[in-house]
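Letter by letter, the chains look like this.
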Amino acid sequence: MKTNAKARFLKGMDASLTYLILIAVALIFAFPCFWLILASFSASGSIYSFSGFFPKSYSFASFQTLFTDTGMYDYPRWFGNTLFIAVGACMLGTLLVTLTAYVMSRFRFPTRKAMMKGTLVLGMFPSFMSMTAVYLLATQFNLINSHWALILIYSAGAPMGYMVQKGFFDTIPQAIDDAARLDGANNLTIFTRITLPLSLPMIVYTALTSFAWPWSDFILPKLILKEKSLYTVAVGLMSLGETEFARFAAGSVFIAVPIVVLYFCLTRFLISGVSAGSVK
């Protein structure tokens, strides 16, 4: 009895210590977000007027000017540009990733393993290493100052991360495809009418990750977009002056709301998609 009581006590202590550590880590990561939200309500607008970490007084003026004072800093236009780029890259990128993962999972051809190994090796290098080549290609094709350039670049790079999606397709039994072929279905019919309906969690996961990258990216839009009217939110906010920190914080908070809402609404699909895709 004493052994069981001691084991339960140690187990409870271990669980309590684990939860305390997790809560401490969560607070550390949540504090910058909490501070940014408070900074967005600063009445002065300047970070230099803060009392320590926090503003001295609060108001909604920064959110008001964010959408009304568009002479130099046209946030609504930047938001629309970001939405257009993110939605376009999401749609095209999701299609390319899904097709790539399906081909690698279901078909066997001579260069398949070599291509898989090649993508794994290329994925080890950071994406910014290719920025010079991307910029030169964009200049040659007259894609500087073009939102379509960003959509094409994001979409072209998306299939490099197909391995999770391939793992999901590997979990769908091959016998389903074989049975459909016996009934006269071709590859396109199997993919559109059988595989895709079974892959909703993975498609949602792929679409959300394809949307989140261009939604918050700064380096590539800064490289491609030179005119202020074409800026995305990330680039536009970085062009604000030092005395416009409250507006910067308000813009950062507002741009984070859609992606946070999407993550909360689609959590069920994300968990099932990632867990199923990591099986193989």
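The preceding data block contains the structure.
What counts, and where the lines are drawn
- Residues numbered from 1 in each chain as written.
- Predicted model: local features only at pLDDT ≥ 70, side-chain atom pairs only at ≥ 80, totals over all residues.
- Heavy atoms only, no water.
- Core = buried A, V, L, I, M, F, W, Y, C linked by side-chain atoms within 4.5 Å.
- Buried < 20%, exposed > 50% of the residue type's maximum accessible area, 1.4 Å probe, protein only.
- Helix = DSSP H or I, 4+ residues; strand = E, 2+ residues; numbered from the N terminus.
- Contact = heavy atoms within 4.5 Å.
- Salt bridge = Lys/Arg side-chain N within 4 Å of Asp/Glu carboxyl O.
- Arc of directions from axis to C-beta.
- Axes fitted to C-alpha atoms, helices over the stretch in contact; angles between N-to-C directions.
- Parallel < 35°, antiparallel > 145°, perpendicular 65-115°, else oblique.
- Left-handed = near helix turned anticlockwise from the far one by under 90°.
- Nonpolar A, V, L, I, M, F, W, Y, C, P; charged D, E, K, R; others polar.

Novice: I'm lost on the nonpolar core in this one. Help?
Specialist: As a rule of thumb, soluble globular proteins bury nonpolar side chains together. Counting residues in each nonpolar core, the largest one holds 33 residues, and the members touching the most others are Tyr-75, Leu-150, Trp-215, Leu-220, Ile-224 and Val-233. Sorting the residues of this core by element identifies helix 2 (61–68), helix 3 (75–106), helix 5 (131–140), helix 6 (147–157), helix 10 (200–216), helix 11 (219–224), helix 12 (233–238) and helix 13 (245–265) as the ones contributing at least two each. Here this core gets seven residues from one element, more than from any other, and that element is helix 3. When residues no more than four places from it in sequence are discounted, the contact partners of Leu-220 are Met-131, Val-134, Leu-150, Ile-153 and Tyr-154.

Novice: I'm lost on the pattern of salt bridges in this one. Help?
Specialist: Two side chains that carry opposite charge are able to pair once their charged atoms sit near each other. Enumeration over the complete set of coordinates arrives at six salt bridges. Two residues, Asp-69 and Arg-247, come together in a salt bridge whose shortest N-O distance is 2.9 Å. Taken as a pair, Asp-69 in the loop between helix 2 and helix 3 and Arg-247 in helix 13 lie far apart in primary sequence, 178 residues in all. Of the residues examined, Asp-69 reaches a relative accessible area of 38% and is grouped as partly exposed.

Novice: Looking at this structure, how should I read helix 4 (residues 112–122)?
Specialist: Because an α-helix completes one turn every 3.6 residues, residues spaced three or four positions apart along the sequence face the same direction. When we look at burial in helix 4, the residues that qualify are Arg-112, Met-116 and Thr-119. Along helix 4, the residues classed as buried sweep out an arc of 65° about the axis, all on the same side. Seen from the open side of helix 4, the exposed residues pointing more than 90 degrees away from its buried face are Lys-113, Ala-114, Lys-117 and Leu-122. Buried residues along helix 4 sit against helix 3 and helix 7 (163–171).

Novice: Got a minute to help me understand the packing of helix 10 against helix 13 in this structure?
Specialist: The packing of two helices is summarised by the inter-axis angle and the distance between the axes. Orientation of helix 10 relative to helix 13, taken along the N-to-C sense of each, is 170°, at an axis distance of 11 Å. In terms of their interaxial angle, helix 10 and helix 13 are classed as roughly antiparallel. Considering only the axes of helix 10 and helix 13, their crossing is left-handed. Note on element contacts: helix 13 touches helix 10 through Ile-255, Pro-258, Ile-259, Leu-262 and Tyr-263, opposite Leu-208, Phe-211, Ala-212 and Trp-215. Tallied by class, residues from the contact of helix 10 with helix 13 come to nine nonpolar, no polar and no charged.

Novice: What exactly am I supposed to notice about the environment of Ala-61 here?
Specialist: Here Ala-61 shows up in helix 2. Accessibility expressed as a relative area gives 35% for Ala-61, which makes it partly exposed. Separated by 18 residues in the primary sequence, Ala-61 and Ala-43 have C-alpha atoms spaced 6.8 Å apart.

Novice: Where do I start with the packing of helix 7 against helix 10 in this structure?
Specialist: As a packed pair, helix 7 and helix 10 sit with axes 10 Å apart at the nearest point and diverge in direction by 175°. Regarding the angle of helix 7 to helix 10, the classification is roughly antiparallel. Across the interface between the two elements, Val-164, Gln-165 and Phe-168 of helix 7 pack against Pro-201, Met-202, Tyr-205 and Thr-206 of helix 10. Here the contact of helix 7 with helix 10 is built from residues that sort into five nonpolar, two polar and no charged.

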